[in-house]
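Descriptive analysis of the structure
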Amino acid sequence: MRFASSKHWMSLLSACVIGFWNFSCARPSRGLGTNGAIVFTIIGKHPFEDSGLVLGLERLNTQVFLRGKSPRSYVFIAANALRSPMLVTTRELIPPGNEVRSRLYLYDPRAQTWDAINSFLPMAFEGTGALASNGQTVAITLASPATPGSYDIWWVDTVARTHKKLTNAGNQTWDSLPVLRPDGQQIVFLRLHRTPKGLISVLMSVPSGGGSETIILGEGEGVAAACYDPDGQHLAVWTRIGLEIIDERASSRRTVLPWSQIPGFSIHSSSMSWSKQHGRIAFSLLNQRTGRYEIWWISPEGEDFKRLYEGTDSTISSVSFVSTSEKDQ
Amino acid sequence: MTQKGVKLNLALALVAFCLTCILGCNPPGFPGGIRVHATEVLVQTPGATLDVSGVFDFGSDLLDREPHNGSQTEFSGVTGAFGLDDHPLARTNATWQVSVDYSGVIPQCGTAHVVDDVPIEGATFNAVCFI
């Protein structure tokens, strides 16, 4: 055998190495079909075991999408499509003291790039966020190091590199789980208050360009999570009554799934998502009998209440419908 | 190049391939550690539990066993946006006392103390404030 043929071997092996790496760790999951998917995150039992998974809606098969491994894991994802930029919150070691912090990134699965969203408050504590349909503007939560528990809502354009602080939560209060209206003009979020009685929540909104905050549902409603419908006309909200649909303009509301219909289930901090393609609202529920966190969906009319994912004993922290169609990427 | 040389190159390439896969996908890091997760139940919606940030946590290693991971025998910190505070260097395969202090947040919740064994792969201490 001559030297030239060994060079061919080396070239072939190099191609295999690059190809294998590209498929195994760099590329979004394949084999999910074109019927859409749900990207979700689980909080692990140990540091750096938090991962992003994808649930194909054609075959209800689950694949690990971003596997947590020291020094970085993945606790929150907001996405529009499986192969377009998505907002990801990581847990990662920050040198030199090896402190573990949450960091917000705009992650591009195709280019394999991780762009830090917060470049303007480097010492801030970073939290959750929402991604606009343009894939470049985001609403995020940040807390000052002086008040590590008090998160505020910020608006960031990741391309223009501009940002604006939209809320001032104040002492013993923090803002959480921002949701963007599909037109990008309004942000809905939870404001959580610590009181002598315990934890109180209020559903609020603020214009994304800045302005005064408005209460949508007050303290007595016990709001735990919310999301917009694809047209931005309605909100799906978990309240003390159950899952409700709220029409902001008509100031009307109706119950889709009362707590009384799902005994033995509860919810934990998590985003939820409303799919235009499927006309369904997806969310995570804790099955108290099994101790497992499951993913379910239901129609806005309260029909087709169905379990999509049989569950994990780790907390599900975000749920996001994504397109798997090539034309949406 | 001789056939033996080609085989050697092939073997080296295979080793490089394996190392690329292992190191490329799984960068080295800390195995184990201790995670503190603080949550509270919503007053108006008992079926809803939310993560709580700004809760202080402290830990002390009371008893070591062999073998173990990690070198820290004490830690302190504060929970972040997901109610999490991670201590990846905390010594595992050990008995720890972990305290989660809600007193600065909700006085009625007070401070919870837990003594528990942490296996070598690490553990999570879940703190829930019910009022």
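Residues numbered from 1 in each chain as written. Chains lettered and ligands numbered in written order. Predicted model: local features only at pLDDT ≥ 70, side-chain atom pairs only at ≥ 80, totals over all residues.

1. What to know about the overall build of chain B
Where we set the bar: Helix numbers and strand numbers start at the N terminus; a helix is a DSSP run of H or I with at least 4 residues, a strand a run of E with at least 2. Exposed residues have 12 or fewer other C-beta atoms within 10 Å of their own C-beta, buried residues have 20 or more, and residues in between are partly exposed; the C-beta atoms are placed from the backbone. Whether two residues are in contact is decided by their C-beta atoms, placed from the backbone, lying within 7 Å.
If you tally the helices and strands in chain B, you get 1 helix and 8 strands. Here chain B holds 131 residues, and 44% of them are scored as buried. For chain B, long-range pairs separated by at least 24 residues make up 61% of all intrachain contacts whose partners lie at least 6 apart in sequence.

2. Structural notes on the overall build of chain A
Counting its regular elements, chain A contains 1 helix and 25 strands. When burial is assessed residue by residue, chain A has 48% of its 329 residues classed as buried. Once local pairs closer than 6 in sequence are excluded, the contacts in chain A between residues at least 24 apart make up 40%.

3. Concerning the pairing of strand 6 (residues 94-101) of chain B
Residues and elements named next belong to chain B. Applied cut-off: Any two strands with at least two DSSP bridges between them are considered paired.
A one-sided burial pattern is seen for strand 6, the buried positions being A94, W96, V98 and V100 and the unburied ones T95, Q97, S99 and D101. Here strand 6 runs beside strand 7 (residues 111-118); their pairing, made up of 8 bridges, is antiparallel. Counted as the bridge partner of V98 is V114 from strand 7.

4. Concerning the sheet that holds strand 6 of chain B
All names here are of chain B. What counts here: Lines fitted to C-alpha atoms define the axes here, with helix axes fitted over just the stretch in contact, and angles between the N-to-C directions of these axes take values from 0 to 180 degrees.
Spatially, 4 strands are ordered 4-3-6-7 in an open sheet, and the strand pairing comes out antiparallel. Each edge of the open sheet is held by one strand with a lone partner, namely strand 4 (74-78) and strand 7. If you compare each strand with its neighbour and ignore which way they point, the axes differ by 15° on average.

5. So, the environment of N171(A)
All names here are of chain A. Within the element layout of this structure, N171 appears in the loop between strand 11 (162-165) and strand 12 (173-180). Its 9 C-beta neighbours within 10 Å are what place N171 among the exposed residues. C-alpha of N171 to C-alpha of T147: the two residues are 24 residues apart in sequence and 8.1 Å apart in space.

6. Concerning the pairing of strand 19 (residues 252-258) of chain A
All names here are of chain A. In the sheet, strand 18 (residues 242-247) pairs with strand 19 via 6 bridges, with the strands oriented antiparallel. The residue bridging I246 from the neighbouring strand is R253, located in strand 19. Counting the residues that bridge the hairpin from strand 18 to strand 19 gives 4 residues, and of these S251 lies at a positive phi of roughly 50°.

7. Digging into the environment of P88(B)
All names here are of chain B. Of note, P88 is situated in the loop between strand 5 (84-87) and strand 6. Judged by the 25 C-beta atoms lying within 10 Å of it, P88 is buried. Spatially, the C-alpha atom of P88 lies 8.6 Å from that of G122, the residues being 34 residues apart in sequence.

8. A closer look at the sheet that holds strand 2 (residues 51-56) of chain A
Residues and elements named next belong to chain A. Ordered by their spatial adjacency, 4 strands build an open sheet running 3-2-1-25, and the pairing between neighbours is antiparallel. Edge positions in the open sheet fall to strand 3 (62-66) and strand 25 (315-322), since each of these has one partner strand only. When strand polarity is set aside, the average angle formed by the axes of neighbouring strands in this sheet is 30°. Here strand 1 (residues 37-43) runs beside strand 25; their pairing, made up of 7 bridges, is antiparallel. Looking at the pairing, I42 lines up with I316 of strand 25.

9. Here's the deal with unusual backbone geometry
Between S70(A) and P71(A) the backbone carries a cis peptide bond, its omega angle lying at 15°. Inspection of the secondary structure puts P71(A) in the loop between strand 3 and strand 4 (72-78). In this model, N93(B) sits at a positive phi of 50°, which is unusual for a non-glycine residue. Along the chain, N93(B) falls in the loop between strand 5 and strand 6.

10. Points about the nonpolar core
Residue and element names in this part refer to chain A. The test is simple: As used here, a nonpolar core is made of buried Ala, Val, Leu, Ile, Met, Phe, Trp, Tyr and Cys residues. They are joined through C-beta atoms within 7 Å.
Ranked by size, the top nonpolar core spans 117 residues in total, and within it I38, V179 and A226 carry the most contacts. No other element matches strand 1, which puts 6 residues into this core. Those residues in contact with I38 that lie beyond four places of it in its chain are L55, L57, A282, I295, L308, V319, S320 and F321.

11. Let's talk about the confidence of the model for chain B
All names here are of chain B. Quick note on the threshold: pLDDT is a per-residue confidence score from the predictor, ranging from 0 to 100.
With 72% of its residues at a pLDDT of 70 or more, chain B has an overall mean of 81. The low-confidence segment residues 19-28, where pLDDT is below 50, has 11 contacts with residues more than four positions distant or belonging to other chains. Of the two predicted TM-score estimates for the complex, the pTM is 0.87 and the ipTM is 0.85.

12. Describing the environment of V64(A)
Residues and elements named next belong to chain A. By secondary structure assignment, the location of V64 is in strand 3. Each C-alpha atom, one on V64 and one on P109, is 14 Å from the other, the two residues being 45 residues apart in sequence. Once residues within four sequence positions are removed from consideration, V64 is found in contact with S51 and L53.

13. With respect to the confidence of the model for chain A
Averaged over every residue, the pLDDT of chain A is 89; residues scoring 70 or more account for 90%. Ignoring residues within four places in sequence, the model shows residues 21-26 of chain A, a span with pLDDT below 50, making 10 contacts including any to other chains.

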